[in-house]
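Letter by letter, the chains look like this.
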Amino acid sequence: MVLFLRTLLMKNFNFKLLLLISLVLGSISSSEAQKVPDDQLKVFQNSDLSKYVFDLEKKAKTLAKNQDVLEKDVAYKLYSNALMRISGMINSGDFYINDEISEYLEGIIQKIDPDNNPETGIYRVLLSRSSIPNAFCVIDGTVIVNIGLIGLMESESQLAGVLAHEICHFKKNHSLQQVKATNENKKSGRRSYTSQYLSMKYSRESEYEADAGGLNLIAASPFNANEYSKALELVTGDGQDSTGFDVLKFFKTDAFKLDTSIVSAKEVKRVLRKSSKKENKTLLSGNDDMFESHPEGQKRQLAASEILSSINYVAPTTTLNSDVFLRFQRLARFEMVKNDYYRADYLQGFYNSLRLSELYPSDAFAKNMVVSNLFWLCNLKSAGVIDDLLSETELRNSTSMAQLKLIFADTPNDDLGKFLFTYLKKLWESDNTNETVLYYLASAADIHLGKETAKIHYKNYSSKFPDGIYISNVNEKLH
Ligand SMILES: [Zn+2]
């Protein structure tokens, strides 16, 4: 429950923050700020939930009856809590519903484990909107995959590898065993362990066991098991930015420089250490193992290649559905950025949109999202309320995220304001048809140079885009 409350508080917190900013600056209303151009993102519609409605009590009873790790009544409590909590998350819109990526994931699971029985095994896949690259299997047999995982994986076989790993945790009852072990260690026995019902940090042993089991499943499937190590490398990252993306490049171009000397290797390490100590991980982020395994990532990769050579593994020669995968991978990357922004998760959103912009340099949406997230970060900074946002953002042990955190925490307001203004001005000069850029340029002038200068840009906007999406805000500014 604590975790769930935290998720709620987080959403609430961001909402409050937005309101506060609107009040402080008297500028952009929160609803206006949420307007994201989404010309290529009309794929998902939440509508019919009937597929996800069933008798939770009955399901929990059946599951409790079919396991022999825990006492039946204890198991029943765990299952029914898990089912109820997931059901709550479905209703609050945490998952994509009836979408083609979920269907695609179901298909992959079918290929990995053709003997899977939905009555007793994996019975559903839920695709969450979180951009944190993670997947985990809940004790009841629900596989939760974050959209961020699909955006990070480079091939269908890598994605299949992560799913196979999760399936093995489920098949080997790792969650139930973990609950049992935790309970046996607690002498008092009074504290309920129903708070651990969803997913948890597994033991190192369980991780290796799930790697081995996952590899065996993949080796017997049409997917390429040689990709498994790469998936591990991408997800665990070992503290590096596993995508190889250099986020500091953005702040160092000739046109608009920012002093990034505050970002030293020592400081980055300190920030990462601090963030990994925090226990505020929400359900969809750091709960499962794929993350928690530092510093075991490299060892696990080595173990994986040992296993494959011991079974004389020969990879399949055909490539599966790579076009389908690439389409979903691209879609996922755009969805991640959109979700981050809707959740006012500007630091994560800024990172993901910068990366998107590098992957798809000519894409206007990517560029506009860089602008929007950057603007909001600078705006919060100038209003003196950025610390809360930065401390709430999960850095998931990525160097890039720690670097960004340092930049926005430690750069003086004026320098950041100047950087933002110069950046937008250059962008506008290079493309004077992008209304989002002009709108944020005016807003940046508002922060950095004051109302009178900003009016020049606001006037320019209203004459160039009289029917623009930001026109009501601009008119308010001019009158
Ligand atoms: Zn695991």
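What counts, and at which threshold
- Residues numbered from 1 in each chain as written.
- Predicted model: local features only at pLDDT ≥ 70, side-chain atom pairs only at ≥ 80, totals over all residues.
- Buried ≥ 20, exposed ≤ 12 C-beta atoms within 10 Å, placed from the backbone.
- Helix = DSSP H or I, 4+ residues; strand = E, 2+ residues; numbered from the N terminus.
- Arc of directions from axis to C-beta.
- Pairing = 2+ DSSP bridges.
- Core = buried A, V, L, I, M, F, W, Y, C linked by C-beta atoms within 7 Å.
- Contact = placed C-beta atoms within 7 Å.
- Axes fitted to C-alpha atoms, helices over the stretch in contact; angles between N-to-C directions.
- Parallel < 35°, antiparallel > 145°, perpendicular 65-115°, else oblique.
- Left-handed = near helix turned anticlockwise from the far one by under 90°.

A. Region of the structure containing helix α22 (residues 471-478). Within α22, the full set of buried residues consists of Asn473, Val474 and Lys477. For α22, the angular spread of buried residues about the axis comes to 95°, placing them on one side. Within α22, the exposed residues directed more than 90 degrees away from the buried face are Ser472 and Leu478.

B. Quick peek at the pairing of strand β4 (residues 142-146). Among the five residues of β4, four are classified as buried, and the element is accordingly described as predominantly covered. With five bridges joining them, strand β2 (residues 124-128) and β4 adopt parallel strand pairing. Bridge assignment links Arg124 to a residue of β4, and that residue is Thr142. Note that strand β3 (residues 135-137) and β4 share three bridges and pair antiparallel. Bridge assignment links Cys137 to a residue of β4, and that residue is Val143. Once β3 ends, the chain turns through four residues before running back antiparallel as β4, passing Gly141 with a positive phi of about 100°.

C. Representation of the nonpolar core within the structure. Core analysis: the largest hydrophobic core is formed by 115 residues, its most contacted members being Leu163, Ile167, Ile218, Leu377, Leu420 and Leu424. No other element matches the 11 residues that helix α16 (residues 364-382) contributes to this core. Not counting chain neighbours up to four residues away, the residues in contact with Leu424 comprise Val371, Val437, Tyr440, Leu441 and Ala444.

D. Broad picture of the pairing of β2. Among the five residues in β2, four count as buried, and that is most of the element. The sheet contact formed by strand β1 (residues 95-96) and β2 spans two bridges and is antiparallel. Bridge pairing links Phe95 to Ser128 in β2.

E. Spatial organisation of the packing of helix α9 (residues 204-219) against helix α13 (residues 297-310). The N-to-C vectors of α9 and α13 enclose an angle of 40°; their axes lie 10 Å apart at closest approach. Classed by the angle they form, the pair α9 and α13 counts as oblique. Relative to α13, α9 is oriented so that their crossing is right-handed. Residue-level inspection shows Glu207, Tyr208, Asp211, Ala212 and Leu215 of α9 in contact with α13, the latter providing Arg300, Ala303, Ala304, Ile307 and Leu308.

F. Region of interest: the sheet that holds β1. With respect to topology, four strands assemble into an open sheet ordered β1-β2-β4-β3, the strand pairing being mixed. Two strands in the sheet have a free side with no partner beyond their single neighbour: β1 and β3. Against the sheet, helix α7 (residues 156-171) makes contact with β3 and β4, and its axis sits at roughly 25° relative to β3, the strand it touches most.

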